[in-house]
Amino acid sequence: MPLYPYQEHVKTLIQRGQSVVLQAPTGAGKTRAAMAPFIECFFEQPTGAFPRKCVYTVPMRVLANQFVQEYRESAQSYQRRFRRELKVQIQTGDQSQDIRFEGDLIFCTVDQFLSSYLTMPYSLPGRMANLNAGAMVGSYIVLDEFHLLDPSSTLPSVLYVIKQLRQLAPVLLMTATFSAAMLDNLAGELNAEVVLVSPEEARYIETRGGEKSPRQRTWHTADQALCAEAVLDMHHTRSLALCNTVQRAQLLYRELRRLIRERGLDTRLLLLHSRFLPTDRREIEDELKRLFGKDAPAQGNAIAVATQTIEVGLDITSEVLHTDLAPASALIQRAGRCARYPREQGQVVVYPVESYMPYGRANDDADKEDVWAREMKAAYAWLDRYSGTVFDFGQEQALVNAVATPRDAQVLKELSDGRRTRSADIQRFLSGDRQPGVDQRLLVRDADSRKVLIHAEPDDLLRNPYAATGFNLDLHTLFGMFKSWQTREADVEWRVKALVSSELDKEEGNRVEYGWKEINDSKLLAGVQVLVVHPGLAGYLKDEGFVADRGDTSFESALPPEAAAHTWDGLSYRLESYEDHIQRVLQAFQDIVVPELQQPACALERAAGWPDGSVLRAAWLACLCHDVGKLSAGWQGWARAYQKQIGRPVPGTFAAAHTDWEWGNASHRDAEKAIHTRHPKPNHAGEGALAMSVVLARALACEPLIRAVISAISRHHTPFAKECKVYTLEPLAIGHIKATLAFVPDEVRQAVDLKAIKPEVKLAPNSFSNLLVNPEHDFEWMAYVILARALRRADQEGTAKGTM
C-alpha cells in the first residue's frame, strides 16, 4: 500500500535530517509515517547514510506491546527480501527484553528512554548507570503521543534531552491533540518543521480514498458519575468503559460482574489496567482485539473496563464508549476507540468526576486551581453545550484549541521560566550530585514508582529480587495502600518490608548482598526501590490483577528460572592475565561494539567539527587503557595475596586482571574478608586514567574527547567517580601495556607514546575532577556516554569470555 501524501512528506524531511513535529488524527497511520524513513534507509541505503538504530518511545506499555509484535512480523518479511536481519526489541517495565538497548528497532516506554539517558536506567542496577545513555546518541528518536507527557516533570526533561540529541540525528514528535500554539512552540524549540494533516486528507484517509462512507461519532455528556447501571442501560454489542484510576476500574468491574450475574446476562466482561502480570495482560489484550478489533463479530456481546492503558494506539472499536472526564487530549484519544472504522456509528459519553486525579487537583479558590482541573472543567462545559453533536477531526481540534490553549500557554510559560533551572538540575544530576528527590522531578510522572512483591518468606527471593514477579506502583498510590496495610486487621507476623543491599566490592560493584528490613513509616517509601508485602494483606487475581484490598489469593512472587540461575550480581571470575583480558576486550570491541559505534561516532564528529575517526580512536584507547590501574603495586599485591589465601598462588611476574572468584563459594568470600584488614583491595579505574592521561592527550589532541575518554575509563565500574588515589605502577607495568599494543590497529598503536605514562602519584590530586567531563557541554557529554557504553559493553563481553 503506497504512503499517504503526509507520510511521504514526513519521510522526505526525516531522511534529509530534519526534525519534525507531526499532528495527525487517530487511526491515520502515524506509526507508519515514523517507520517508513528508518525501514527504507536500514535496508536500502548504505551504512552511515541514516541512523542504524531507532528508539521508538511511547507513553504506555500497551502501545509498545502492539508495535513490537507488528514490526517483528514485518521484520521477517524484510529479512527474506533483503537477506539482512532487523533486530526488533521491546523494553518496558513488564517486558524487559533489551535492558542494554542493543536492538536495531527498540520500542520502549518514556520512563525507560528518559531514565537511560539521564544515567539512572530503570532496567539496570545503579553501578551500570552510564551504560545505556550512549545508545540514544546518534539514534533516530521517535516520541509518540507526545501530548501525554507530564508538563511539570517529563516534558521539560524530554525537551532537554532531544534538543541535545537532535544535533546528531532527526527527532520525530507525534500527537493527535496539541493546540496550534504548542505545536509551533515545540517546532521552534527543536528547529523542527510542523507537519499537519489537513481535514481533506484526514477525510480521505478515513474513507479509504472515498471507497467507504465515513464513520460517525456522536458525543454526549452525562449528569452523574460513571456507574455499572449506566453502562448496561446503553449496551447492545460492544461497550468500553474507561476510568481514570485502577481502583475505580476494579470497583466498576466488580459491580458490572455482580449485575451481569444477577440478571443472567450472556455478556463477556473484561478488565484491563497496568497491574496485571505480563502473560495475563497479553491474554486480555488479545481477547480485546478478538472481541473489539476490526474483524470482531458484528453481533458480539462484550463489555471491557479499562484505564488509560487503551487510551492510545490499541486498534479496537466499540459501539458505545463511556469515559470519566479527562483532559481534552485524553478524551479525544479515548474516543478513537469508538466507531474507529469507516461506516461505523458510535456514541461517546463523558461522565463528571468527583476527583480530578491522576491529572490534577481541584481548589475552591479558582486562582489556585490546578491547570489540569481547570481544563477538565472547561472541557466538560464545552462538551455539554454540544452534547448530541457528531464530531469529526475538525470538531475535535476545535475542542482542543478551545479548552487546552490556556493550559498550553501556561505550560509554555512554565517551560520558558524554568528552562535554566531544569537544565542546571539535570546537569548537576548527570555530574553525580544526586540530591534526594531530584530524580523524581526529572522523570515521567507515573514513572516515580516502586516495585511491590508478595511473599510470606521473602528471603526466598534474595538471589535476584529485582527479577522477581511483581508490580510497579505509583508512589502516590502506594502511600494510600501502605496506610491500609499498616492499619488493617490481619493475622500476619509482619506487614511490609523494604529491600536493602550492601556492596562487597565497592569499585567493581559486582558482588552485592541483599536483605529485607521491616518498615512502618510511609516516609521511608521514597527511599526504597523494592518492597514486599505479606500475602495476607494483598494479592493477585487473574481477572482483576493486583489487589491491594484483599489478601490470601494464593499468589506469591517468584524468580524466573533464568534469574535463579544467573544474575548481574552473581558473576564468577577465573584467574586471567592482564594481556589476555585486554586482548579479549579489544576483540569484543571490534566484533560487537564497532558496528553500533561507527554511525553515531561519525555523526558526532561532523556536528562537533572534530577530525574524522577521532571518536573511534578514542574508543580503542579507552578499551586499551581501561585496566592500567590494575598494574599498580597495590592492586597486584592484593591479587597475589588473595590467590595465595585460596591456595592458588601466582608468581611475582604474573600480572592479573581478574582473580578466581565463584559466586556462592564460601572459601572465596572468607579469603577476601581475611586479607581485607591487612591488604584492602585498591581502586584502579581513576588511577589508570590518570596514569595514561598524558598518553591520551597526545594521541587525541582534542580537549573534549580527552576529558570524555578519561571519564569513560574512570567510570567504567563506578558511574559517578570523581576521585583518584595515590598509586605506583609495578616495574613491569609498561612491558605489560606494550604487549597489548599488538591488539589495536596500526594508527592507534602509532599514536600511543608509552614514555608519557605517569608511573606514580604520591599525593592524591585535588584537581582530578577537572579532567572529567562537563555535562554543560553537549558534544563533550555525548562523546563521554558513547565511549562509556563502548567500553562497558566491550569489558563485559571480554570478561564473560574470560570466565568460559
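One structure accompanies this document, and this report is about it. (Residues numbered from 1 in each chain as written. Predicted model: local features only at pLDDT ≥ 70, side-chain atom pairs only at ≥ 80, totals over all residues. Heavy atoms only, no water.)

### Describing the overall build of the chain
Reasoning step 1: When helices and strands are counted, the chain shows 28 helices and 25 strands.
Reasoning step 2: Relative to the compact-globule value of 28 Å for 804 residues, the chain shows a C-alpha radius of gyration of 28 Å, a close match.
Reasoning step 3: C-alpha extents for the chain along the principal axes are approximately 85 × 65 × 55 Å.
Reasoning step 4: Across the 804 residues of the chain, 59% fall into the buried class. (Helix = DSSP H or I, 4+ residues; strand = E, 2+ residues; numbered from the N terminus. Rg over C-alpha atoms; globule rule 2.2 N^0.38 Å. Buried < 20%, exposed > 50% of the residue type's maximum accessible area, 1.4 Å probe, protein only.)

### A word on the sheet that holds strand E10 (residues 268-272)
Reasoning step 1: What the 7 strands build is an open sheet, ordered E10-E11-E9-E12-E13-E8-E14; its pairing is mixed. Of all strands in the sheet, those bounded by a partner on one side alone are E10 and strand E14 (389-390).
Reasoning step 2: Each of strand E8 (216-221), strand E9 (238-242), strand E12 (320-324) and strand E13 (345-351) is contacted by helix H12 (residues 328-335), which is oriented at about 155 degrees to E12, the strand it contacts most. (Pairing = 2+ DSSP bridges. Contact = heavy atoms within 4.5 Å. Axes fitted to C-alpha atoms, helices over the stretch in contact; angles between N-to-C directions.)

### Side note on the nonpolar core
Reasoning step 1: The biggest cluster of nonpolar side chains holds 132 residues, and the ones touching the most others in it are Tyr-6, Leu-22, Tyr-56, Leu-172, Trp-485 and Phe-546.
Reasoning step 2: Setting aside anything within four residues of it in sequence, one finds Tyr-56 in contact with Thr-31, Ala-34, Met-35, Phe-67, Ile-106, Phe-107, Cys-108, Val-142, Asp-144 and Met-174.
Reasoning step 3: Counting 110 residues, the second-largest nonpolar core is a separate cluster that includes Val-21, Ile-713, Leu-754 and Val-785. (Core = buried A, V, L, I, M, F, W, Y, C linked by side-chain atoms within 4.5 Å.)

### Here we look at the packing of aromatic side chains
Reasoning step 1: Enumeration over the complete set of coordinates arrives at 22 aromatic pairs.
Reasoning step 2: Ring plane angle 70 degrees and centroid distance 5.3 Å describe the contact between Tyr-56 and Phe-67, whose orientation is recorded as edge-to-face. Of this pair, Tyr-56 sits in strand E2 (residues 54-58) while Phe-67 sits in helix H3 (residues 61-82); the two residues are 11 residues apart in sequence, bridging distant segments of the chain.
Reasoning step 3: Assessed through its relative accessible area of 0%, Tyr-56 is described here as buried.
Reasoning step 4: Ring centres of Trp-635 and Trp-638 lie 5.6 Å apart, and the angle between their planes is 55 degrees; on these two criteria the pair is classed as tilted. Of this pair, Trp-635 and Trp-638 are both found in helix H21 (residues 633-645), 3 residues apart, which corresponds to roughly one turn of the helix. For the pair shown, Trp-635 and Trp-638 are each scored as buried.
Reasoning step 5: Counting every residue linked through ring pairs, the aromatic cluster contains Phe-38, Phe-42, Phe-43, Tyr-78 and Phe-82.
Reasoning step 6: Lying across the ring of Phe-42, Arg-52 places its NZ or CZ 5.1 Å from the centre.
Reasoning step 7: Between the NZ or CZ atom of Arg-84 and the centre of the ring of Phe-42, over which it lies, the distance is 4.0 Å. (Phe/Tyr/Trp six-rings, centres within 6.5 Å; stacked < 30°, edge-to-face > 60°. Lys NZ or Arg CZ within 6 Å of the ring centre and 35° of its normal.)

### Section: the sheet that holds strand E5 (residues 140-143)
Reasoning step 1: As summarised here, the arrangement of the 7 strands in space is E3-E4-E2-E5-E6-E1-E7, forming an open sheet in which the pairing is parallel. The outermost strands of the open sheet, each flanked by one partner alone, are strand E3 (88-91) and strand E7 (193-196). Pairs of neighbouring strands in the sheet enclose a mean axial angle of 15 degrees, with direction left out of account.
Reasoning step 2: Where E5 lies against strand E6 (residues 171-175), 3 bridges are found, and the strand directions are parallel. From the neighbouring strand, Leu-143 faces E6, where its bridge partner is Leu-173.

### Regarding unusual backbone geometry
Reasoning step 1: Omega for the peptide link from Met-357 to Pro-358 comes to 10 degrees, which places this bond in the cis form.
Reasoning step 2: Residue placement: Pro-358 occurs in the loop between E13 and helix H13 (371-385).
Reasoning step 3: At Ala-339, a residue that is not glycine, the phi angle is positive and equals roughly 45 degrees.
Reasoning step 4: Of note, Ala-339 is situated in the loop between H12 and E13.
Reasoning step 5: Of note in this structure, Arg-343 is not a glycine but carries a positive phi near 75 degrees.
Reasoning step 6: Note on placement: Arg-343 falls in the loop between H12 and E13.

Function-wise, these values are silent; they only describe arrangement.
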